[in-house]
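Architecture and fold: a report
This is what each chain is made of:
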Amino acid sequence: MQIVRQVLAPVPPVQGGDMATVTPPTQEEIENLREKVRREVEKNGEENFAKVDLERLNSDEAYIGKFWLHAQQMDGDNKENTVKLVVDTLLWRKKFGVENISEDTINKAVLERGEVYSHGRDKEGCKLLVICVRKHVKDAQNSEDGKKHFVMMLENLEKEEPEKKITIMFDSEGAGIRNMEIEAIQFLINTIMHYYPNFVSKIIVYNMPWILGTIWKLVKTFLPVKAVEMIKFLDKSSIQEFIEPGNLLIASNS
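Residues numbered from 1 in each chain as written. Predicted model: local features only at pLDDT ≥ 70, side-chain atom pairs only at ≥ 80, totals over all residues. Heavy atoms only, no water.

Another point: the sheet that holds strand β1 (residues 116–121). Ordered by their spatial adjacency, five strands build an open sheet running β1-β2-β3-β4-β5, and the pairing between neighbours is mixed. Of all strands in the sheet, those with a lone pairing partner are β1 and β5 (231–234), marking the two edges. Adjacent strand axes in the sheet meet at a mean angle of 25 degrees when their direction is disregarded. Here β1 pairs with strand β2 (residues 127–132) via four bridges, running antiparallel. When the bridges of β2 are listed, Arg121 appears paired with Lys127. Each of β1, β2 and β3 (166–171) is contacted by helix α6 (residues 143–160), which is oriented at about 170 degrees to β2, the strand it contacts most. (Pairing = 2+ DSSP bridges. Helix = DSSP H or I, 4+ residues; strand = E, 2+ residues; numbered from the N terminus. Axes fitted to C-alpha atoms, helices over the stretch in contact; angles between N-to-C directions. Contact = heavy atoms within 4.5 Å.)

Moving on: helix α3 (residues 61–71). The element α3 is largely enclosed, with a buried count of 11 among its 11 residues. Residues of α3 that are buried make contact with α1 (27–44), α2 (51–59), α4 (78–96), α6 and α7 (182–195). Where α3 starts, the residue carrying a side-chain oxygen 3.2 Å from the main-chain nitrogen of Ala62 turns out to be Asp60. (Buried < 20%, exposed > 50% of the residue type's maximum accessible area, 1.4 Å probe, protein only. Polar contact = N/O pair within 3.5 Å; in protein donor to acceptor, adjacent residues only side chain to side chain.)

Pairing between side chains of opposite charge can happen when their charged atoms approach one another. Applying the stated criterion to the full structure yields 24 salt bridges. The salt bridge partner of Glu35 is Arg39, with a shortest N-O separation of 3.4 Å. Of this pair, Glu35 and Arg39 both sit in helix α1, four residues apart, which is roughly one turn of the helix. By relative accessible area, Glu35 is classed as partly exposed at 25%. Its relative accessible area of 49% is what places Arg39 among the partly exposed residues. Glu144 is the salt-bridge partner of Lys147, the closest N and O atoms lying 3.4 Å from each other. Placement of both Lys147 and Glu144 in helix α6 is noted, with a separation of three residues, approximately one turn of the helix. By relative accessible area, Lys147 is classed as buried at 15%. (Salt bridge = Lys/Arg side-chain N within 4 Å of Asp/Glu carboxyl O.)

Now for the confidence of the model for the chain. Summing up the model confidence of the chain, the mean pLDDT is 87 and the portion of residues at 70 or higher is 89%. Of all the helices and strands in the chain, helix α10 (residues 245–253) carries the lowest mean pLDDT, 65, while α4 carries the highest, 97. Here residues 1–20 is modelled with pLDDT under 50, and outside its nearest four sequence neighbours on either side it reaches 40 contacts, counting other chains as well. (pLDDT = per-residue confidence, 0-100.)

Pasting the structure below:
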């Protein structure tokens, strides 16, 4: 796997969370990380990695910077944590088939539900990725397509603005017990926490009906501590601290 040398691209400012002390990797550290990842790729078998992901790792230094910044929020050695994050992410991307996901590979019924969409930004300038909870259907037959749809949206947003973060919003307006699925929520949050490094600014649970409180308490026990710290439970009043009313109204009524 050839290593491509470049001038280090500037790493975007960190938005959201207590991450003021994190620092981007030096050129030497990037080259060292690439070499360590190369050894892990050989150990795991290059056929278990997508060629496009390996090429990006070699050419996009800002991408490596995201893993580095993400790893600084973990306990232990930052370099070793970064390498593990990179390898685990690339293995997952290959296994999940991320590079082959498109609207053509997703059941039309899932796309037409309108459960996951992007519209507007929060006050920090982060694009909003909205999960309209009331439109979620417990559908075993199409659950994998629902996961693919979410990953496709993450991929699209990351490509549109690779140096910016996004905000995830669970729009719970009008939702009930029938719309809640713990496994689906776990997948969404674990995916963004483990496989999309330094990409999500915050997770907003908006206007959650009281009846769903117990379910969210249970969900939080299964999540990484860092993910729980990112979750904000907001109502129609407190949401305005983070999102302009115009963006919120459009999102909630779609």
